[in-house]
Amino acid sequence: MERIDKHNYYLDICETVLERGTCLRRNFAAIIVKHDEIIATGYTGAPRGRKNCSDLGYCRREELNIPRGTRYELCRSVHAEQNAIISARRQDMLNATMYLVGKEQNSGEYVHNAAPCSLCKRFIINSGIEKVIIRDTKKDYRTVLVSDWIEEDDSLEGDCTY
């Protein structure tokens, strides 16, 4: 019997979490892990108490044909990374790893070149998370060191995949 490696184990859990997402465009999930313990989870959805796009039956950004990575203020959702971070204590996030998985709602395919948006990158930096592992395919993932975002200060203005 071949055992699944740790990163894919956590990415599979993350993929299950994303099934709670309520976005009609693309759903993401994030989990924060430290010392092989899941500290927090988060998925894409409207703030607590507000209606989700899936409840309303429409996505404002989709209706307006807003390109990926722009006009975040028109989105009802809180991003998965943000939801995971606000559910954890900072001391638990210091030097932790965030796992991130995104899927297109209409096709179920993994989001091509998935990455946190510039605002989520700022949240991740301030949380003390050390690295982000992003699923590209069922078995392939890439690791991003948060220190690289700090060193490449202008990269915080990059494209969002939501």
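About the thresholds
- Residues numbered from 1 in each chain as written.
- Predicted model: local features only at pLDDT ≥ 70, side-chain atom pairs only at ≥ 80, totals over all residues.
- Heavy atoms only, no water.
- UniProt positions renumbered as here; feature names shortened; annotations may be inferred.
- Helix = DSSP H or I, 4+ residues; strand = E, 2+ residues; numbered from the N terminus.
- Pairing = 2+ DSSP bridges.
- Axes fitted to C-alpha atoms, helices over the stretch in contact; angles between N-to-C directions.
- Contact = heavy atoms within 4.5 Å.
- Core = buried A, V, L, I, M, F, W, Y, C linked by side-chain atoms within 4.5 Å.
- Buried < 20%, exposed > 50% of the residue type's maximum accessible area, 1.4 Å probe, protein only.
- Expected span 1.5 Å × (residues − 1).
- Arc of directions from axis to C-beta.
- 1 Å grid on protein atoms, 1.4 Å probe; cavity = no way out; pocket = protein on both sides within 12 Å on 5 of 7 lines; lining within 4 Å.
- Points joined across faces, edges and corners; volume = space filled by probe spheres on them.
- Nonpolar A, V, L, I, M, F, W, Y, C, P; charged D, E, K, R; others polar.

**What about the UniProt feature "domain: CMP/dCMP-type deaminase" (unreviewed entry) in the protein?**
Part 1 of the reasoning: UniProt marks residues 5–148 with the feature "domain: CMP/dCMP-type deaminase" (unreviewed entry), using the numbering shown here.
Part 2 of the reasoning: Helix makes up 31% of residues 5–148 and strand 24%, and the two end C-alpha atoms of the span are 25 Å apart.

**Some details on the sheet that holds strand β5 (residues 141–145)**
Part 1 of the reasoning: Read across the sheet, 5 strands follow the order β2-β1-β3-β4-β5 without closing on themselves; strand pairing throughout is mixed. Single-partner strands in this sheet number two, and they are β2 (37–43) and β5. Across the sheet, the axes of successive neighbouring strands diverge by a mean angle of 20°, strand direction being ignored.
Part 2 of the reasoning: Here 5 bridges tie strand β4 (residues 131–135) to β5, and the two strands are oriented antiparallel to one another. Directly across from lysine 131, in β5, lies its bridge partner leucine 145.
Part 3 of the reasoning: Helix α1 (residues 6–17) contacts β1 (26–34), β2, β3 (97–104), β4 and β5 of the sheet and is inclined by roughly 50° relative to β3.

**Describing the nonpolar core**
Part 1 of the reasoning: By size, the foremost hydrophobic cluster in this structure holds 21 residues, and its most contacted members are Ile32, Ile85, Met98, Ile124, Ile129 and Val132.
Part 2 of the reasoning: Excluding anything up to four places from it in sequence, isoleucine 129 contacts Ile32, Ile85, Met93, Ala96, Thr97, Met98, Ile124 and Val146.
Part 3 of the reasoning: Core analysis: the second largest hydrophobic core is formed by 12 residues, Leu11, Val17, Val101 and Ile133 among them.

**Quick word on α1**
Part 1 of the reasoning: The end-to-end C-alpha distance of α1, which contains 12 residues, comes to 17 Å, matching closely the 16 Å that a straight helix rising 1.5 Å per residue would cover.
Part 2 of the reasoning: Listing the buried residues of α1 in full gives Asn8, Tyr10, Leu11, Cys14, Glu15 and Val17. For α1, the angular spread of the buried residues around the axis is 165°, confining them to a single face.
Part 3 of the reasoning: Residues of α1 that are buried make contact with β1, β2, β3, β4 and β5.

**Description of the layout of surface pockets**
Part 1 of the reasoning: Reported here for the largest pocket is a volume of approximately 290 Å³.
Part 2 of the reasoning: Around the largest pocket sit 14 residues that line it, and Tyr43, Gly45, Ala46, Arg48 and Asn83 are the ones nearest its centre.
Part 3 of the reasoning: With 3 residues, β2 is the largest single contributor of residues to the lining of the largest pocket.
Part 4 of the reasoning: Here the residues of the lining of the largest pocket are counted per class, giving 5 nonpolar, 7 polar and 2 charged.

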